[in-house]
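Given next are the chains, with one letter for each unit.
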Amino acid sequence: MSRLRRIFTLDSLIVPLVAILLGLIVGAVVMLLGGYNPFEAYSALIKRVVGNPYDFGETIRQITPLIFTGLAVAFAFRSGMFNIGADGQVLIGMTSATAVSLSMSGVSSSIVVPVSVIAGGVAGGLWAAIAGYLKAKRGINEVITTIMLNWTALYLSNYVIRHFFLLKGQNRSEDIGASAALTFLSGIFNNARVHWGIVIALLAALFFYVYLWKTKQGYEMRAVGFNQNAAEYAGMNVGRNVVKAMFISGVFAGLAGAFEVLGVFHYQSVFAASPGYGFDGIAVALLGMNHPFGVVLAAILYGVLTYGSAGMSFAAGVPPELIKIIIGSIIFFIAAQGIVRFVLKPFYLKRKKEKVL
Amino acid sequence: MSTAAPVVELKQITKRFPGIVANDSISLTLRKGEIHALLGENGAGKSTLMNILFGLYQPDEGSIEIDGKPVTIDNPNKAIKLGIGMVHQHFKLVQPFTVTENIILGMEPTKGLNIDYKSASAEVAKLSEQYGLHVNPNSKIQDISVGMQQRVEIMKTLFRGADILIFDEPTAVLTPQEIVELMAIMRRLVAEGKSIILITHKLKEIMEISDRVTIIRRGKVIDTVDTDNTNPNELAEKMVGRGVTFKIEKDAPVIGQPVLQLNQVKMNDKQGVSVLNGLDLEVKAGEIVGIAGVDGNGQSELIEAITGLRKIDSGSIKLSGKEIANLPARKIIESGLSHIPEDRHKHGLVLDFSISENMVLETYYKSPFSKNGFLDRRVVDKNAEKLVQDFDVRTPSIETKARSLSGGNQQKAIIAREIDKNPDLLIAAQPTRGLDVGAIEFVHKQLIGQRDQGKAVLLISFELDEIMNVSDRIAVIYEGRIVGEVLPQNTNDQELGLMMAGFMEKGGQSDE
Amino acid sequence: MKSMNKTFKFSLVMVLAVMMILAGCGNNKNNAANNGGSSNKGTEASNGGNNGGSKASDIKVGLVTDIGGVNDKSFNESAWEALEALNKEQGIQHKYLQSSSSSDYIPNLNQFVQGGYDLTWAIGFDLGDALKQVADANKDVKLAIIDSVVDAPNVESVTFAENEGSFLVGVVAGLTTKTNKIGFIGGAESPVIKRFEVGFKAGVEAVNPDAEVKITYAGAYDKPDIGKSLASQLYDNGADIIFPAAGQTGNGVFNEATARNNAGGATKLWVIGVDKDQSLEFGDEVTLTSMIKRVDVAVKNVTQQVIDGTFKGGEITNLTLKDDGVGIADTSSKNVSKEVLDKVEEYKQKIINGEITVPAE
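Residues numbered from 1 in each chain as written. Chains lettered and ligands numbered in written order. Predicted model: local features only at pLDDT ≥ 70, side-chain atom pairs only at ≥ 80, totals over all residues. Heavy atoms only, no water.

(A) Geometry of the pattern of salt bridges. All names here are of chain B. In the structure shown here, the tally under the stated rule is 51 salt bridges over all chains. With a closest N to O distance of 3.8 Å, D420 and K386 form a salt bridge. Of this pair, D420 sits in helix α14 (residues 407–420) while K386 sits in helix α13 (residues 377–390); the two residues are 34 residues apart in sequence, bridging distant segments of the chain. What makes K386 partly exposed here is its relative accessible area of 46%. (Salt bridge = Lys/Arg side-chain N within 4 Å of Asp/Glu carboxyl O. Helix = DSSP H or I, 4+ residues; strand = E, 2+ residues; numbered from the N terminus. Buried < 20%, exposed > 50% of the residue type's maximum accessible area, 1.4 Å probe, protein only.)

(B) Spotlight on the packing of α13(B) against α14(B). Residue and element names in this part refer to chain B. In the contact formed by α13 and α14, the axes pass within 10 Å of each other and the chain directions differ by 110°. When the interaxial angle is binned, α13 and α14 end up roughly perpendicular. For the pair α13 and α14, the crossing hand works out as right-handed. Contacts between α13 and α14 involve N383, K386 and L387 on the former and, on the latter, A416, R417 and D420. Of the residues contributing to the contact of α13 with α14, the split by class is two nonpolar, one polar and three charged. (Axes fitted to C-alpha atoms, helices over the stretch in contact; angles between N-to-C directions. Parallel < 35°, antiparallel > 145°, perpendicular 65-115°, else oblique. Left-handed = near helix turned anticlockwise from the far one by under 90°. Contact = heavy atoms within 4.5 Å. Nonpolar A, V, L, I, M, F, W, Y, C, P; charged D, E, K, R; others polar.)

(C) Spotlight on the pairing of strand β10 (residues 195–200) of chain B. Residue and element names in this part refer to chain B. A large share of β10 lies buried, amounting to six of its six residues. Side-chain alternation along β10 places S195, I197 and I199 on one buried face and I196, L198 and T200 on a second face that is also buried. Pairing of strand β3 (residues 35–39) with β10 involves five bridges; the strand directions are parallel. Looking across to β10, one finds that L38 is bridged to I199. Across five bridges, the pairing between strand β9 (residues 164–168) and β10 is parallel. Directly across from I166, in β10, lies its bridge partner I197. (Pairing = 2+ DSSP bridges.)

(D) Up close: the pairing of strand β13 (residues 258–268) of chain B. Residues and elements named next belong to chain B. As judged from the eight bridges shared by β13 and strand β14 (residues 274–284), these two strands associate in the antiparallel manner. Bridge pairing in β14 links N268 to S274. Between β13 and β14, which pair antiparallel in sequence order, lie five residues; one of them, G272, sits at a positive phi of approximately 85°. Pairing geometry for β13 and strand β16 (residues 314–319), over five bridges, is antiparallel. Bridged to Q261 within β16 is K318.

(E) Quick look at the sheet that holds strand β12 (residues 326–328) of chain C. All names here are of chain C. Strand order in the open sheet made by the six strands is β7-β6-β8-β9-β10-β12, with mixed pairing throughout. Only two strands of the sheet have a single partner each, and these edge strands are β7 (212–217) and β12. Across the sheet, the mean angle from the axis of one strand to that of its neighbour is 15°, orientation sign disregarded. Across six bridges, the pairing between strand β6 (residues 181–186) and β7 is parallel. Among the inter-strand pairings, G186 is bridged to a residue of β7, identified as Y217. Sheet strands touched by helix α9 (residues 224–236): β6, β7, β8 (241–245) and β9 (270–275). Its angle to β6, the strand with the most contacts, is close to 160°.

(F) View of the packing of aromatic side chains. Scanning the model with the defined rule gives 33 aromatic pairs over all chains in all. Ring geometry for A:W151 and A:Y155: centres 6.3 Å apart, planes at 25°, overall stacked. Here the residue A:W151 and the residue A:Y155 both occupy positions in helix α7 (residues 142–164), the gap between them amounting to four residues, near one helical turn. Look at A:W151 and you get partly exposed, because its relative accessible area is 47%. Their ring planes at 35° and their centres at 5.2 Å tell us that A:Y209 and A:F293 sit as a pair that is tilted. Placement of the pair is A:Y209 in helix α9 (residues 197–214) and A:F293 in helix α14 (residues 292–316), with a sequence separation of 84 residues. You can call A:Y209 buried: its relative accessible area is 11%. One aromatic cluster in this structure is built from A:F75, A:F207, A:F208, A:Y209, A:Y211, A:W213, A:F252 and A:F293. A cation sits over an aromatic face here: C:K268 above C:W270, 4.8 Å from the ring centre. Lying over the aromatic face of C:F75, C:K293 brings its terminal NZ or CZ to 5.6 Å of the ring centre. (Phe/Tyr/Trp six-rings, centres within 6.5 Å; stacked < 30°, edge-to-face > 60°. Lys NZ or Arg CZ within 6 Å of the ring centre and 35° of its normal.)

(G) Layout of the side chain of A:D87. One can find A:D87 in helix α5 (residues 86–103). At 10 Å, C:K223 is the nearest oppositely charged side chain to A:D87, a buried residue that forms no salt bridge. Non-local contacts of A:D87, meaning those with residues more than four positions away in its chain, are made with A:N150, A:S274, A:P275, A:G276, A:Y277, A:G278 and A:F279. (Lys, Arg positive; Asp, Glu negative; His and termini not counted.)

(H) View of the domain arrangement of chain C. All names here are of chain C. One can read the domain layout of chain C as domain 1 (54–160 + 294–321) and domain 2 (162–293 + 329–353). Centre-to-centre, using C-alpha coordinates, domain 1 lies 29 Å away from domain 2. Of the roughly 1,500 Å² buried where domain 1 meets domain 2, counting both sides, 57% is carbon and sulfur surface. Together, K73, F160 and L321 form the three largest contributors to the area buried by domain 1 at its contact with domain 2, with a combined 45%. Seen at the junction of domain 1 and domain 2, the total is seven residue pairs in polar contact (both at pLDDT 80 or more). The leading source of residues in the side of domain 1 that touches domain 2 is helix α4 (residues 75–90), at four residues. Of the residues belonging to the side of domain 1 that touches domain 2, the class tally is five nonpolar, four polar and six charged. (Domains from an automatic or database assignment. Buried area = accessible area lost by both parts, 1.4 Å probe. Polar contact = N/O pair within 3.5 Å; in protein donor to acceptor, adjacent residues only side chain to side chain.)

(I) Summary view of the UniProt feature "domain: ABC transporter substrate-binding protein PnrA-like" (unreviewed entry) in chain C. Per the UniProt entry, the sites bearing "domain: ABC transporter substrate-binding protein PnrA-like" (unreviewed entry) are residues 61–360 of chain C in this numbering. With 43% helix and 21% strand, the stretch residues 61–360 of chain C has end C-alpha atoms that lie 32 Å from each other. (UniProt positions renumbered as here; feature names shortened; annotations may be inferred.)

(J) Focus on the sheet that holds β13(B). Residue and element names in this part refer to chain B. Strands sit in the order β14-β13-β16-β17 across an open sheet of four strands; the sheet is antiparallel. In this open sheet, the two edge strands, each paired with only one partner strand, are β14 and β17 (322–323). Against the sheet, helix α9 (residues 299–307) engages β13, β14 and β16, with an angle of about 65° to β14.

(K) Inspection of the environment of C:T258 at higher detail. Residue and element names in this part refer to chain C. Mapped onto the secondary structure, T258 falls in helix α10 (residues 249–262). C-alpha of T258 to C-alpha of V286: the two residues are 28 residues apart in sequence and 6.2 Å apart in space. Only 2.8 Å separates the side chain of T258 from the backbone oxygen of F254, close enough to count as a polar contact.

(L) A look at helix α13 (residues 338–353) of chain C. Residues and elements named next belong to chain C. A rise of 1.5 Å per residue sets the reference length of α13, with its 16 residues, at 22 Å; its end C-alpha atoms lie 22 Å apart and thus fit the reference within 8%. Listing the buried residues of α13 in full gives V340, V344, Y347 and I351. Taken end-on, α13 shows its buried residues confined to a sector of 65°, consistent with a single buried face. In this structure, α13 carries K338, E339 and N353 as exposed residues pointing more than 90 degrees from its buried face. Buried residues belonging to α13 abut α7 (162–176), α8 (191–207) and β12. Just beyond α13, the residue with positive phi is G354, at close to 90°. (Expected span 1.5 Å × (residues − 1). Arc of directions from axis to C-beta.)

(M) Expanded view of helix α5 (residues 105–114) of chain C. Residue and element names in this part refer to chain C. A large share of α5 lies buried, amounting to nine of its ten residues. All of the buried residues along α5 are Y105, I106, P107, N108, L109, N110, Q111, F112 and V113. Looking one or two residues beyond α5, the residue adopting positive phi is G116, at roughly 75°.

(N) Representation of the packing of helix α3 (residues 38–50) of chain A against helix α4 (residues 53–78) of chain A in the model. Residues and elements named next belong to chain A. Contact geometry of α3 with α4 gives a least axis separation of 5 Å together with a crossing angle of 90°. Our classification of the angle between α3 and α4 gives roughly perpendicular. For the pair α3 and α4, the contacting residues are R48, V49 and V50 in the first and D55, F56 and T59 in the second. When its residues are assigned to classes, the contact of α3 with α4 shows three nonpolar, one polar and two charged.

(O) Spatial organisation of the confidence of the model for chain A. Residue and element names in this part refer to chain A. Across chain A, pLDDT averages 87, with 92% of residues at or above 70. Counting interchain partners and residues more than four positions distant, the pLDDT-below-50 stretch residues 1–9 has 14 contacts. Below pLDDT 50 for its whole length, residues 352–357 participates in seven contacts with residues either more than four positions away or in separate chains. (pLDDT = per-residue confidence, 0-100.)

(P) Inspection of unusual backbone geometry at higher detail. Residue and element names in this part refer to chain B. Residues S367 and P368 are joined by a peptide bond in cis, for which omega reads 5°. Residue placement: P368 occurs in the loop between α12 (355–358) and β19 (370–371). A positive phi angle, near 50°, is found at Q264, a position not held by glycine. Structurally, Q264 is set in strand β13.

This is the structure in structure tokens:
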């Protein structure tokens, strides 16, 4: 009971709520200035998300990779590292899953999918572990290596698809027969591309929590994350933990890629530029305060805003540029809680003074 | 002086934090032109009280009067407007800026759109003259001494028109010479009509400079006395709540087999400069060996070599007869080493872990704390409960983050953890740095307790008094080598000083 | 544990907040639904009198762009302009959705399909797979695509013979170059851009076998900075004409050429515009000529079929030189000499006659 009460302390309830409200207000002001009706736009956003089963399913599809990449960034962060390279790890995960599933054509989907997903996850993990290894052995800052590995991953993926799996005359791989779609749900969601990734993503969040806070390896990783010197002093192998943390982080990102290929597209495009999953993941991890359950909720918020934004454009005629400003301001206020506290300060002080007198 | 009007009156101030009452109905009166010392152990509530006066915290109960008028101080700017200035223990200065730029930061005098440096500089020079601060307005902070930086902090408050100055542990960072200068400046300030609150736990300084002392313990005012009518022993007793012995009582050592043996240990740093230069050292069971030396003569490297944090280039290190040189740190710890590190924030604790988690920092992976790869939180918590109780670590709960404990209690937590491992060798590096008398006494008792149980204890300290009082044998380190070994009863400060400065070598193992 | 609680609390609150917004917005649902179908009310009102009762104003046309959006100064913009014109002239209702990533294609197309639109356009090669899926799932709706071929009975596919148009600007470049070095900058390697590349190269070779065509790819359509730096390299290596087929990335090429010309270089530097007459955007000082791709004509024609009720579907239209689907800009005479333009006309006729077959890949 006392635990429940702690959860619902006033402060922690009000601040994020006000943050979202402030973001919506700023967005509304921007829309009014642009001559659009904010109420119409916001209700269009919500309607686009929950208006019909198809869109609801597609929203889940939008949220799924955000959970994975959010977890990837958050996990590395908990271990004291900033993984900017989730984007490259997603690509490597995609490519490996594509390569494996295309090489196994003719085999039953129920075998191909798990094998490809595991291949994607492991490949993403190994890719991230390169940055971890360089940090552990050579002290090279992981921010730099992961950024550079993003480019390497982009060109490597494109090379592999172009040279081994290209569908003739197209800018993408051949079709992947195997599917990770949640077929028994596709009826409910009117053929929206809901896939097993959402289940695995939620399990990944649970794994993240249990591993980091309940196991001895997680304890070690957190110690390294908070204070490498103390961890080293206590006899922990800092280097090994760094590599391991990056590996796990990369596995999350790699899974995102594998499921995008197997569950959503069923082929892999040759990407002109970085697809951007990893960078959304950074925003989601920050919003979710690097906690697995926070990441899940932040991914939901982020996914709802991005998917719903098309509704604002469609039903209220708000142009995409303005929508980006609105989404940006909502996220800004949630991330910048200091501003919210500043806005709330007069109310708090008033209360305190009453108490003193 | 005692009849002067009060400038600050704190009335019945109470401040609660989750799980702890930091200030419990504290009242304090600061009179015009006095130096009022606020004495208390680490964590007694001194800083909380001053942060309330400076507007950083709001009191839960009680009121504040300045010059007889009730005021609400809800932020530091308000405090500054009311003439209150705070000289923080950790300076808040911008290193590449000049003295003047730092002083005017945030309230720059302007001429049109430009900052009027000329008049600001003149103003700073005038203040410097008036209070005898001798600060060059145009020097950059990074180029001036720590003592000088502190005077810049003082000047910052004066520039903002402060009449009431709060000094938070001002001597902690100063050399003895700088302390003398600071005392002179404080006297000058009160002579010019300022009033000063001095937060400290150093009895010597209080006796020397303050007019009155208010002692607080565990958030409550114990007493306010005139300095002339008291003495250090009385103050210490009031602060700690019991009699404090400044002299350490200990029996003659019962010396056993050698536990730690270093033979011709050599280590170079990254630039290839020799930092340990053929070091020989032996510590036996049942004795405390103190390493005396000036900072930077290889003490840190010696510890890192023994604990396995840094590789040695040649030589041998044996623990209980087993070679441990260049083994992984965990192997060495498992061979029976405990270590109270020099820097408790950097090495001793994971500050963002709870006390409970910190208590198993080296043992978390072993049974009973871990089973099948999972931590058994119940056992971990139980272990912490026991250690907190046995070693009197004052914390609101074992779930509290190590960061929010006072320095003394953090150190107690580390000692509890290290001693509980029941080591053969205990290394204590600067174990009392920054602690108050009560905590220092506790630490020393623990070290001697370990020695009496037949453990080998290696003590590294820059405080000569500590080395002389606690050690059974003293080894002097100079430029990465032990240059002399003496028994404390057969030596004096002067002889040690000469050895530490490299002017004299003496003894060796034959001293016994 | 403590920190966990805090974040957990925060997270819970976020859910609550989202739920509250959902609840609060429930009232407006009808409102949104009513507005969902209408578009560009102002135009509608002003055209109401002229088109009273005309069925064109009942026609709703949707357009899904690729990642570029309708302000890309290239083919997305061209397509949208065609719908804008139809809206002005005949009062059709039109609306677009911009895709922010490739996973948006299907939901965006579905938004129009489920909104009961009479025709939905997919603009760009990349939307081919998405449109195919939507077409198969909704066999009774009318769809159309630019730059890709979708094999479905309800889809009208429009492609262009970019190789033929590029051949002509290649002829211009080959006859105009002073340094005998010519640059080509592609957006990303794809069959469409490949047609630009090989057509252009063939055109240059046909009239000036000594000229060297240097081929580079920017890897992106929306990176003017990359375009600028690639252009800088090409000009440094002696090229005096560059043909960028790279959407917004090409804007950087114009920027670099203008800057160098203004600085007073020894050789006059040129850029060949793409998709639209880019001399209108970047000026005649730097735009030698432009390879026009009449996306607007294609969009207009197919949309008109829907308005007129003649839309059949399942057809593949390849717009060539012959159809005026591709060509060189009318404004080319400002910088290109009469002789060269005559040569261009000569080759144009040969291609139309079938005397010359321009390679496509």
